[in-house]
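Secondary and tertiary structure notes
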Amino acid sequence: MESSLPQQKHRASTRRWLITSFLIYGMMVFGLLGYFAIYSDDVIHEAAVDKTGAVAAAKPGRYEAVIANWNRYRGKVARADAR
């Protein structure tokens, strides 16, 4: 199928789009690399602190609730067996 644009204009248009897309992609990649190069220590340290703090705070409460529910269940079963 033939393009409605002449061959030279079609090539120029395609080349212009390719250059534009590579420039945008390159700016995004170099921007992210620059961000991580500058803030890598802060980001890594904060992420490690957030994860350990959240996990340590959530797990004991959850397990204590499971143990308390199990003890209540066992108590009801023991009382029912005693009757």
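Sequence order as written defines residue numbering, which begins from 1 separately in each chain. Local features in this predicted model are restricted to residues of pLDDT 70 or higher, and side-chain atom pairs are both shown and tallied only at a pLDDT of 80 or more, whereas totals for entire chains, interfaces and linings draw on every residue. For the side-chain quantities, the full set of heavy atoms in the structure was used; hydrogens and water were omitted.

1. Things to note about the overall build of the chain
Starting at the N terminus, helices and strands are each numbered in turn, a helix being any DSSP run of H or I of at least four residues and a strand any DSSP run of E of at least two. Along its length, the chain carries 1 helix and 0 strands. Throughout, the Shrake-Rupley method with a 1.4 Å probe supplies accessible areas, and for residues the shown protein chains are the sole cover considered. In the form shown here, the chain has an accessible surface area of approximately 8,000 Å², with 65% of it arising from carbon and sulfur atoms.

2. With respect to the packing of aromatic side chains
To pair, rings of Phe, Tyr and Trp, with the six-membered ring standing in for Trp, must have centres within 6.5 Å; the planes then decide the type, stacked if under 30 degrees apart, edge-to-face if over 60, and tilted in the middle. Summed over all chains, the structure comprises 2 aromatic pairs. Arranged with centres 5.4 Å apart and planes meeting at 70°, the rings of Tyr35 and Phe36 form a pair that is edge-to-face. For the exposure calls, accessible area comes from a 1.4 Å probe over protein chains only, and a residue counts as buried if that area is under 20% of its type's maximum, exposed if over 50%, partly exposed in between. Taking the relative accessible area as the measure of exposure, Tyr35 reaches 40% and is therefore partly exposed.

3. Description of a nonpolar patch on the surface
Taken together, Leu32, Tyr35, Phe36, Ile38 and Tyr39 make up a surface patch of nonpolar side chains, about 550 Å² in accessible area. Tracing the chain through its elements places Phe36 in helix H1 (residues 7-82). Its relative accessible area of 45% is what places Phe36 among the partly exposed residues. Candidates for patches are residues over 30% relative accessible area with no salt bridge; among them, like charges are joined within 9 Å and nonpolar side chains (Val, Leu, Ile, Met, Phe, Trp, Tyr) within 5 Å. Just to be clear on terms, a salt bridge is a Lys or Arg side-chain nitrogen sitting within 4 Å of an Asp or Glu carboxyl oxygen.

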